[in-house]
Amino acid sequence: MHRRMLQRFRSITGADRAPIALSFLLSRSAFLLGATLGSLIIPEAIAEPARVDLGGPVVLSALWRWDAVHYHTIAVDGYAWPGLTAFFPVFPLLIRAVGWLLALGQTPSSWSVLAAGILIPQLATLAGLAAVFALVRERLGREGATRAVVLAALFPFAFIYVTPHTEALFLAFSAGAFLLARRDRWVGAGLCAALAGASRPVGVLIVPALLAEALARRQLLDPRVITGLALAPLGFLGYAGYLWWQFGDPLLFAEVQRTEWRRELLFPLQTIYRGVRYALHPSWSETPGIWARGIVHLVVVIGAIVVTILWWRRWSVAERVYVALTLVTVLWTPFGGGWTMHGMGRYLAVLFPLYEPLAAWTAARRVLSAVLGLWVSLFVLFSALYIQWYAA
């Protein structure tokens, strides 16, 4: 059995290491370019409520911006105040564990915690790209899969995979769950889904997607499927149980998102309508930068909806359920005011089924070059803004 698993792993990573590694290196080079230009050209944001002194070498702390600071706090001090419960526990737990290993079993130091938080997303990105490659290769072949991972790695908001945030981990866990389920390795799929559910709130949406896949295959009574489906929600439920035990509210993270982070509950079409209205009225936004970035997020959302409609019948049942639920959930919980669309580009960057149709439609070299030219330019820009404490 172990030999068979090793052979499958090699089939994913052997001859296909080049496009995965190339995509990874190109994205890191683009981020380095953006970070360098940003530090030289763009002034730091005047007001930044999340900025703190993390300690440790500057070369390590430079990547810790915005939400990364909160993950650092949780990794070092735990959920010291209820407002931090909006950030799910897998990433900070891994930071603490890897930091302990880097400190050779001693209490993690500032440098080991910072280094762990940077190392984990890099490894997770490689794993996520490998899973995306394997999924797309089954339908579009090696060339299509190569385009998919290049597009996934250089998507404008994929700069976040370089930084200490959960997106890279979530990509690896979510795509891994679908890949393992497709190969009838349901226990592994359930474990990946459980880890995804303890990484981000939308991770729990993988559970109904896997259930739909099992029903479509008529495998619901298979003991392996039952075990996998039973494991899938445990990450989310485990975190909810911890919140109940520690704070008396299993859904405290949702309340914190509303009270501390200005999230609202809004019908998805209303969210898009409000995003369009803010895009048409620049003076309504706090700054021109907030207005411009909101437009980019709005374009990403509308583009994702169009791609979903056009490719709907080509996806599996599980992919349809997952994409539809994710789009609805993201649009149902926007920020308030001029920040309505902000963050959505990041949330949809990890929606890996979208890269299959994009890879199919960019088979012509000119089309691919045009798309990548635009995407890399935005990738570099957002990297520059991030390093100077502007929210992308």
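Here, every reference points to the structure presented above.
Residues numbered from 1 in each chain as written. Predicted model: local features only at pLDDT ≥ 70, side-chain atom pairs only at ≥ 80, totals over all residues. Heavy atoms only, no water.

Caption draft 1: Seen up close, the overall build of the protein. Summing up its helical and strand segments, the protein has 18 helices and zero strands in all. Dimensions of the protein, computed from the C-alpha atoms along their principal axes, are close to 55 × 55 × 40 Å. Each of the 392 residues in the protein was classed as buried or not, and the buried ones make up 54%. Taking as baseline every contact in the protein between residues at least 6 positions apart, the subset at least 24 positions apart corresponds to 76%. (Helix = DSSP H or I, 4+ residues; strand = E, 2+ residues; numbered from the N terminus. Buried < 20%, exposed > 50% of the residue type's maximum accessible area, 1.4 Å probe, protein only. Contact = heavy atoms within 4.5 Å.)

Caption draft 2: View of empty space enclosed by the protein. According to the stated counting rule, one finds two cavities of 30 Å³ or more in the structure shown. Forming the walls of the largest cavity are G275, Y278, A279, S285, I290, W291, G294, I295, G338, T340, M341 and H342. Listing elements by their share of the lining of the largest cavity, those giving two or more residues are helix 13 (268–280) and helix 14 (288–311). The element that contributes the greatest number of residues to the lining of the largest cavity is helix 14, accounting for four residues. In the lining of the largest cavity, the residues fall into six nonpolar, six polar and no charged. Every residue lining the second largest cavity is listed: V132, L135, V136, E319, F352, P353 and E356. Counting residues per element, the lining of the second largest cavity draws most heavily on helix 6 (residues 110–154), at three residues. (1 Å grid on protein atoms, 1.4 Å probe; cavity = no way out; pocket = protein on both sides within 12 Å on 5 of 7 lines; lining within 4 Å. Points joined across faces, edges and corners; volume = space filled by probe spheres on them. Nonpolar A, V, L, I, M, F, W, Y, C, P; charged D, E, K, R; others polar.)

Caption draft 3: Structural context of the packing of helix 13 against helix 15 (residues 317–332). Put simply, helix 13 and helix 15 touch, their axes get as near as 8 Å, and they point 60° apart. Here helix 13 lies oblique to helix 15, going by the angle between them. For the element pair helix 13 and helix 15, the recorded crossing hand is left-handed. Across from P268, T271 and I272 in helix 13, the residues of helix 15 making contact are V328, L331 and W332. (Axes fitted to C-alpha atoms, helices over the stretch in contact; angles between N-to-C directions. Parallel < 35°, antiparallel > 145°, perpendicular 65-115°, else oblique. Left-handed = near helix turned anticlockwise from the far one by under 90°.)

Caption draft 4: Structural view of a nonpolar patch on the surface. On the surface, a nonpolar cluster with roughly 420 Å² of combined accessible area is contributed by L102, W111, L119, L123 and L126. On the accessibility criterion, L119 (36% relative accessible area) is partly exposed. (Patch = residues over 30% accessible without salt bridge, like charges linked within 9 Å, V, L, I, M, F, W, Y side chains within 5 Å. Areas by Shrake-Rupley, 256 points an atom, 1.4 Å probe, with all protein chains shown as cover. Salt bridge = Lys/Arg side-chain N within 4 Å of Asp/Glu carboxyl O.)

Caption draft 5: Just the packing of aromatic side chains, in detail. The final tally for this structure, using the stated rule, is 24 aromatic pairs. Where F155 meets F157, the ring centres are 6.2 Å apart and the plane angle is 50°; that geometry is what we call tilted. For the pair F155 and F157, one class covers both residues: buried. Each ring, one from F236 and one from F253, has its centre 5.8 Å from the other, and the planes form 85°; the classification is edge-to-face. Pair noted here: F236 is in helix 11 (residues 234–247) and F253 is in helix 12 (residues 252–259), with a separation of 17 residues, a long-range link. (Phe/Tyr/Trp six-rings, centres within 6.5 Å; stacked < 30°, edge-to-face > 60°.)

Caption draft 6: Highlighting the pattern of salt bridges. All chains considered together, the criterion is met by 13 salt bridges. Where salt bridges share partners, they join E138, R139, R182, R183, E319 and E356 into one cluster.

Caption draft 7: Molecular detail of the nonpolar core. In this structure, F31, F159 and Y322 are the most contacted members of the largest nonpolar core, which totals 124 residues. At 23 residues, helix 6 tops the list of elements feeding residues into this core. Ignoring anything within four residues of it in the chain, the contact list for F159 reads F31, F379, F382, S383, Y386 and A392. (Core = buried A, V, L, I, M, F, W, Y, C linked by side-chain atoms within 4.5 Å.)

Caption draft 8: Region of interest: the side chain of E319. By secondary structure assignment, the location of E319 is in helix 15. Of the polar contacts made by the side chain of E319, one reaches the side chain of R139; its length is 2.9 Å. With near-sequence residues (within four places) excluded, E319 lies in contact with R139, F178, R182 and P353. (Polar contact = N/O pair within 3.5 Å; in protein donor to acceptor, adjacent residues only side chain to side chain.)

Caption draft 9: The arrangement of the packing of helix 8 (residues 186–197) against helix 10 (residues 223–231) in detail. Where helix 8 meets helix 10, the axes come as close as 7 Å, and the angle between the chain directions of the two elements is 5°. Put simply, helix 8 runs roughly parallel to helix 10. Packed against helix 8, whose contacting residues are W186, V187, G190, L191 and A194, the element helix 10 presents R224, V225, T227, G228, L229 and L231 at the interface. The class makeup of the residues in the contact of helix 8 with helix 10 is seven nonpolar, three polar and one charged.

Caption draft 10: Local environment of helix 13. In this model, helix 13 (13 residues) spans 19 Å end to end at C-alpha, consistent with the 18 Å of a helix rising 1.5 Å per residue. Along helix 13, the residues that are buried comprise P268, T271, I272, R274, G275, Y278 and A279. Projected onto a plane normal to the axis of helix 13, the buried residues spread over an arc of 165° and lie on a single side. Of the exposed residues in helix 13, the ones pointing more than 90 degrees away from its buried face are L269, Y273 and L280. Buried residues belonging to helix 13 abut helix 14, helix 15 and helix 16 (344–349). (Expected span 1.5 Å × (residues − 1). Arc of directions from axis to C-beta.)

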